[in-house]
Amino acid sequence: MVSRWRVGAPRRLPETAAVLEVRRAVRDWVAGHVPSGDAGTAVAVGLSGGADSLALTAAAVVEVGAVDALVVDHQLQAGSDVVAADAAAAALALGCRSARVIPVEVDGDGGLEAAARRARYTALDEARDGLPVLLGHTLDDQAETVLLGLARGSGGRSIHGMTEWAEPWGRPLLGVRRAVTRQLCADVDVPPYEDPHNTSPEFTRVRLRTEVLPLLEDVLGGGVAGALARTAGQLREDGAVLDALAGELLHTASDGATLSIETLATAPAALRRRAIRAWLLAGGAKALTGKHLHAVDELITDWRGQGGVAVGGGRAGSRLVAAREHGRLTLRRERQARRR
């Protein structure tokens, strides 16, 4: 297959409204997250060939300078290697310093969406060579993420949405609508790849995108995606303050291994549960849920002599258990009886 892209001098971008909006978003992100004086700092971009990541790549080449494109081939569809190669060629035509295709195996555990995401992030992390990785998530993606978190119902943290910077991941386009990235591609004459998975109703996020959000926009008179994104941002700010206060509580309650029941019991619930969560995660707990936290919290606030709470993070033949002992909250591994 002959590529439709010509690799040479970086493509000049027209000064259309869409191009300027995306460039401004990338420029602002760089100003906020790249130390002053490092204007030549290189970044990597996770490029799928879709409109969002193509628009991000085009703007990054202009606003950042040295850009390495990383194209993950999930190998879930026939011809995915051709799509990946074409995306890499597009990156070079736009002016990227390099473009690399990374094939991955998707195991399917936990559902196809989750498995593909794990494989993608692992591949990007291993290939970034110490560089921050810019991702093309838009305001629309943020709104969908908030709705997915709301459905989990596990507290404010679940609807914090995505952040602009969570090392090594940068998301400059969280304030840009998906329609703008598509318009940039049209303005620059860079046709994006249309992934059939993005329109398949078997995926929850696709149904949110094509059914739920348009209905909410219609019923509530528009502006829903922006409102969800703003709400997520406000909750992240509030959560950061609460997490800091919970850290102080944890320091006060801890003796280095266990926590004082009395100190935790007299603290506000929002701080106590955050402190418990941080302590459990530091102790090796995995995949904590609201149910786990509620059960551990009851060891402090509703003690009736109940036994310990398994909190995940166990190993073969053992489980990690939080328990109440002599006025302290403890966390230890317990052997599990073998089933006969």
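The structure under discussion appears in the preceding block.
Computed from a predicted model, the values in this text were never measured in an experiment.

Parameters and conventions
Residues numbered from 1 in each chain as written. Predicted model: local features only at pLDDT ≥ 70, side-chain atom pairs only at ≥ 80, totals over all residues. Heavy atoms only, no water. Pairing = 2+ DSSP bridges. Helix = DSSP H or I, 4+ residues; strand = E, 2+ residues; numbered from the N terminus. Contact = heavy atoms within 4.5 Å. Axes fitted to C-alpha atoms, helices over the stretch in contact; angles between N-to-C directions. Phe/Tyr/Trp six-rings, centres within 6.5 Å; stacked < 30°, edge-to-face > 60°. Buried < 20%, exposed > 50% of the residue type's maximum accessible area, 1.4 Å probe, protein only. Lys NZ or Arg CZ within 6 Å of the ring centre and 35° of its normal.

Undergrad: I'm lost on the sheet that holds strand β3 (residues 98-103) in this one. Help?
TA: For sheets, the rule is that strands pair by backbone hydrogen bonds, running either parallel or antiparallel. Reading across the sheet, the six strands line up as β3-β2-β1-β4-β6-β5 and stay open at both edges, with mixed pairing between neighbours. The open sheet has two edge strands with one neighbour each: β3 and β5 (165-166). Taken together, the four bridges between strand β1 (residues 43-46) and strand β2 (residues 67-73) define a ladder with parallel strand orientation. Of the residues in β2, the one forming a bridge with Ala44 is Asp68. Relative to β1, helix α2 (residues 51-63) is tilted by about 160 degrees, and along the sheet it contacts β1, β2 and β4 (133-134).

Undergrad: What is the right way to look at the packing of aromatic side chains in this model?
TA: For any pair of aromatic rings, geometry is given as the distance between the ring centres together with the angle between the planes. Considering all chains together, one arrives at two aromatic pairs under this definition. Ring plane angle 70 degrees and centroid distance 5.8 Å describe the contact between Trp29 and Trp165, whose orientation is recorded as edge-to-face. Here Trp29 is found in helix α1 (residues 17-33), whereas its partner Trp165 is found in strand β5, with 136 residues between them in sequence. For Trp29, a relative accessible area of 3% gives the class buried. What makes Trp165 partly exposed here is its relative accessible area of 32%. Centroid distance Tyr121 to Trp169: 4.9 Å. Interplanar angle 80 degrees. Geometry classified as edge-to-face. Linking Tyr121 in helix α4 (residues 112-127) with Trp169 in strand β6 (residues 169-170), this pair joins segments that are 48 residues apart in sequence. Grouping residues by exposure puts Tyr121 and Trp169 together as buried. If you follow Arg117 out to its NZ or CZ, it ends over the ring of Tyr121, 4.4 Å from the centre.

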